[in-house]
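Below, each chain spelled out in residue letters.
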Amino acid sequence: MNGHLEAEEQQDQKPDQELTGSWGHRPRSTLDRAEAMAPPPPPLAASTPLLHGEFGSYPARGPRFALTLTSQALHIQRLRPKPEARPRGGLVPLAEVSGCCTLRSRSPSDSAAYFCIYTYPRGRRGARRRATRTFQADGAATYEENRAEAQRWATALTCLLRGLPLPGDGEITPELLPRPPRLLLLVNPFGGRGLAWQWCKNHVLPMISEAGLSFNLIQTERQNHARELVQGLNLSEWDGIVTVSGDGLLYEVLNGLLDRPDWEEAVKMPVGILPCGSGNALAGAVNQRGGFEPALGLDLLLNCSLLLCRGGGHPLDLLSVTLASGSRCFSFLAVAWGFVSDVDIQSERFRALGSARFTLGTVLGLATLHTYRGRLSYLPATGETASPTPTHGLPRAKSELTLAPDSAPPMAHSPLHRSVSDLPLPLPLPESALASPGSPEPLPILSLNGGGPELAGDWGGAGDAPLSPDPLLSSPPGSPKAALLSPIAEGPPEIPPSSGLPPATPDAPVAMSTWGPPDHLLPPLGTPLPPDWVTVEGDFVLMLAISPSHLGADMVAAPHARFDDGLVHLCWVRSGISRASLLRLFLAMEHGTHFSLGCPQLGYAAARAFRLEPLTPRGVLTVDGEQVEYGPLQAQMHPGLATLLTGPPGCTGREP
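Residues numbered from 1 in each chain as written. Predicted model: local features only at pLDDT ≥ 70, side-chain atom pairs only at ≥ 80, totals over all residues. Heavy atoms only, no water.

Undergrad: Help me out: how do you make sense of the overall build of the chain in this one?
TA: A count of helical and extended segments in the chain gives 14 helices and 26 strands. Within the span of the chain, comprising 656 residues, buried residues form 57% of the whole. Of the roughly 26,500 Å² that the chain leaves accessible, carbon and sulfur atoms contribute 55%. (Helix = DSSP H or I, 4+ residues; strand = E, 2+ residues; numbered from the N terminus. Buried < 20%, exposed > 50% of the residue type's maximum accessible area, 1.4 Å probe, protein only. Areas by Shrake-Rupley, 256 points an atom, 1.4 Å probe, with all protein chains shown as cover.)

Undergrad: What's the story with the nonpolar core in this structure? I'm lost.
TA: If you look at soluble globular proteins, the nonpolar side chains tend to sit buried side by side. With 123 residues, the main nonpolar core has Leu186, Ile241, Tyr378 and Phe610 as its most contacted residues. The greatest single-element share of this core, amounting to 9 residues, is contributed by strand 19 (residues 534-546). Ignoring sequence-local partners within four residues, the contact set of isoleucine 241 consists of Leu184, Leu186, Val230, Leu233, Leu235, Val253, Leu257, Met269, Pro270, Val271 and Gly272. Judged by nonpolar contacts, the second largest core, of 30 residues, contains Leu69, Trp153, Leu157 and Leu161. (Core = buried A, V, L, I, M, F, W, Y, C linked by side-chain atoms within 4.5 Å. Contact = heavy atoms within 4.5 Å.)

Undergrad: Which parts of the structure should I look at to understand the environment of phenylalanine 332?
TA: Following the sequence through the fold, phenylalanine 332 ends up in the loop between strand 14 (328-331) and strand 15 (334-338). Remark: the alpha-carbon pair of phenylalanine 332 and leucine 282, spanning 50 residues in sequence, is separated by 8.4 Å. The residues contacting phenylalanine 332, other than those within four sequence positions of it, are Asp247, Leu250, Tyr251, Leu254, Leu282, Leu316, Asp317, Leu318, Ser547, Pro548 and Asp624.

Undergrad: When you look at the pattern of salt bridges in this model, what are you seeing that I'm missing?
TA: Close approach of charged atoms lets side chains of opposite charge pair. By the definition in use, this model includes 13 salt bridges. One salt bridge connects glutamate 228 with arginine 222, and the closest N-O pair in it is separated by 2.6 Å. For glutamate 228, a relative accessible area of 37% puts it in the partly exposed group. Taking the relative accessible area as the measure of exposure, arginine 222 reaches 44% and is therefore partly exposed. The salt bridge partner of arginine 375 is glutamate 613, with a shortest N-O separation of 3.4 Å. What makes arginine 375 partly exposed here is its relative accessible area of 24%. (Salt bridge = Lys/Arg side-chain N within 4 Å of Asp/Glu carboxyl O.)

Undergrad: Sorry, what's going on with helix 7 (residues 281-289) here?
TA: Think of an α-helix as 3.6 residues a turn; residues three or four steps apart then line up on the same face. Counting buried positions along helix 7 gives 9 out of 9 residues, so the element sits mostly inside the fold. Along helix 7, the residues classified as buried are Ala281, Leu282, Ala283, Gly284, Ala285, Val286, Asn287, Gln288 and Arg289. Buried residues in helix 7 make contact with helix 5 (247-257), strand 12 (271-275), helix 8 (297-310), strand 13 (313-322), strand 20 (550-552) and strand 26 (633-645). Positioned one or two residues after helix 7, glycine 291 has a phi angle of 90 degrees, which is positive.

Undergrad: What's the story with the packing of helix 7 against helix 8 in this structure? I'm lost.
TA: Two quantities define a packed helix pair, namely the angle between the helix axes and the distance between the axes. Following both chains from N to C, one finds helix 7 and helix 8 inclined at 60 degrees, their axes separated by 10 Å at the closest point. One way to sum up the angle between helix 7 and helix 8 is to call them oblique. Note that helix 7 runs across helix 8; the crossing there is left-handed. On helix 8, the residues that touch Ala283, Gly284, Val286 and Asn287 of helix 7 are Leu300, Asn303, Cys304 and Leu307. Taken together, the residues of the contact of helix 7 with helix 8 sort by class into 5 nonpolar, 3 polar and no charged. (Axes fitted to C-alpha atoms, helices over the stretch in contact; angles between N-to-C directions. Parallel < 35°, antiparallel > 145°, perpendicular 65-115°, else oblique. Left-handed = near helix turned anticlockwise from the far one by under 90°. Nonpolar A, V, L, I, M, F, W, Y, C, P; charged D, E, K, R; others polar.)

Undergrad: What is the right way to look at the side chain of threonine 68 in this model?
TA: Mapped onto the fold, threonine 68 is located in strand 3 (residues 64-69). Using a relative accessible area of 17% as the deciding quantity, one classes threonine 68 as buried. Within the structure, the side chain of threonine 68 is placed 2.7 Å from the side chain of histidine 52, a separation counted as a polar contact. If we ignore the near neighbours within four places in the chain, the residues touching threonine 68 are Pro49, Leu51, His52, Ala73, Leu74, His75 and Trp153. (Polar contact = N/O pair within 3.5 Å; in protein donor to acceptor, adjacent residues only side chain to side chain.)

Undergrad: Looking at this structure, I do not really get the packing of aromatic side chains. What am I missing?
TA: Counting across every chain of the model gives 11 aromatic pairs. Seen in terms of ring centroids, phenylalanine 55 and phenylalanine 135 are 6.5 Å apart; in terms of plane orientation they differ by 65 degrees. Their pairing is edge-to-face. Remark: phenylalanine 135 occurs in strand 8 (residues 131-137) and phenylalanine 55 occurs in strand 2 (residues 51-57); sequence separation between them is 80 residues. Taking the relative accessible area as the measure of exposure, phenylalanine 55 reaches 0% and is therefore buried. Overall, the relative accessible area of 0% leaves phenylalanine 135 in the buried class. Measuring from ring centre to ring centre gives 5.5 Å for tyrosine 58 and tyrosine 114, while their planes differ by 85 degrees; the resulting arrangement is edge-to-face. One end of the pair, tyrosine 58, is in the loop between strand 2 and strand 3; the other, tyrosine 114, is in strand 7 (residues 113-119), with 56 residues separating them in the sequence. We classify tyrosine 58 as buried; its relative accessible area is 4%. Following the ring pairs from residue to residue traces out a cluster consisting of Phe55, Phe65, Phe115, Phe135 and Trp153. Its guanidinium or amino end placed over the ring of tyrosine 143, arginine 104 lies 4.3 Å from that ring's centre, counting from NZ or CZ. (Phe/Tyr/Trp six-rings, centres within 6.5 Å; stacked < 30°, edge-to-face > 60°. Lys NZ or Arg CZ within 6 Å of the ring centre and 35° of its normal.)

Undergrad: What's the story with the pairing of strand 6 (residues 97-105) in this structure? I'm lost.
TA: When a strand is regular, its side chains alternate between the sheet's two faces. Burial of strand 6 is extensive: 8 of the 9 residues sit out of reach of the surface. Across 7 bridges, the pairing between strand 6 and strand 7 is antiparallel. Residue leucine 103 lies in a different strand from strand 7, and its bridge partner there is tyrosine 114. (Pairing = 2+ DSSP bridges.)

Undergrad: In this structure, what is going on with the confidence of the model for the chain? I would like to understand it.
TA: Segments scoring low in pLDDT should not have their predicted coordinates read at a detailed level. For the chain, the mean per-residue pLDDT works out to 76, and 67% of the residues sit at or above 70. Looking at the elements of the chain, mean pLDDT is at its lowest for helix 11 (residues 431-435), recorded as 29, and at its highest for strand 26, recorded as 97. Low confidence marks residues 24-42, where pLDDT is under 50. Its contacts with residues over four positions away, or in another chain, come to 41 contacts. Confidence over residues 651-656 falls short of pLDDT 50; this stretch has 16 contacts with residues more than four positions distant or in other chains. (pLDDT = per-residue confidence, 0-100.)

If you want it as structure tokens, here you go:
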């Protein structure tokens, strides 16, 4: 076979300064975790060939291809029957690849080995669709040599996907791969329109199985269930906790981690979010950071799942919020008062509509627009703001600021009950697999770690010998065995037949944290503030204190906010704004251009801490979409307190 490792052409490039880690062994100490999350080495140029070789196709009577692997893409060129002038599908960006595997024929006379990749390209209408490409390594006389070549390609591609370094001496073997990362998936089966479980089963589990990630899955059954689970979890057994729901489930997880006696270590556990709820703000920010176009629904879920498969953690700021009673909770998203919180809570009765509930709630809220009198005080940020233009820093002021940032650029451990456990899992997942995934099963015609029967229809043909997984790459050293896993669910959750949704409990108390870092910037609530704080008082339509860029999957409230900028972005709208102007603000927020409208009632400030004192006797306050007690509150930003699984950053912040 003509496959060979090209000489690596290291170019003098500035290393990425963002703190990004890769999938690998679970760190066992603070030092190990710091090393695991260390910045990666300088990347190779995107066009530098890493591997090049000639492969056949599956079925064997098909064409032959020349494959070239770079750090950013797999290039495919047809060689026979004749080269294509304009190859179709000849470039497979790694951003669209979930994983790969090696396969072998069940025919004893077939000495070829097979290299299969799993991709999710966009179709003509923009939606992602699962596709597979299978190539035949047949350049050597023996199966062992062909298998080594197929495994070399699969190992190199997996290392690139997971951010692992490739050796410079050309020795690429499966031993380079660490054990599969072990994830705890928490699924709210009632998320969004009640589709979370189906989407998880049909899309999330197949994709992370293709990526070779190991997991346990738990379906949450009530409010604060996730919080209770992570409070008693043995965290050393996991590499990450991923919620498959809206923003509310991640709120429970983070507050559960911070409400443990070992919170300083627990909060370092990487957390991720796969959007299956009606409010998917953090997922929208992850999607944008990953370089994808704005997306909703299933497209957003697939984008975030692809990023999760790549691994990589990023520091996440958390806002410590102290309420009037003295209780405290932690926010990763936003504190809202006025119009935004009214819409959020009052639209709960339309939860069956999914994300459309917010559209309907906004229309109803505009029809009955209220104003609220209150006092907002904040400690202004020092130095540069989140705006990319250094000359637009926020000045330290003693009076009200109405500042607009630059517009956005173009665009003892708990029982794991009701759980679905590790690989191998057939794809798509039948009910029998959910009942007992560890039981022996016949191999499908084509599979990844025991899954992927769709490949037979895509690539198989009459007379072609069926393929089965290569066990040497399918089970890396140290991978866990299915026999050691937790109890298995007997099927999807039972949803009440009356409404299809759990009963609404808007007045249910939100559990608070008793541990966590001290708020050294905040005086006791009710005492005078230091002189360097700024106070704004008056009648407001809304007040929003947001940490990341997105307020919803398609609402960019703070265009230049970053996960780790150490700032809380304060936005407020004063009374006197017309309904039409307020509507224009929210429509412009879809593109992050609302600050460029020149609305005189719109105010903005970047801060490190703030205090909100409602002077209207009745109203609604929310923290990350969860209703909390009404009254004065104050909050301080804690930079980089948590770690968010974001995947690698996009090159331009938008998908090419």
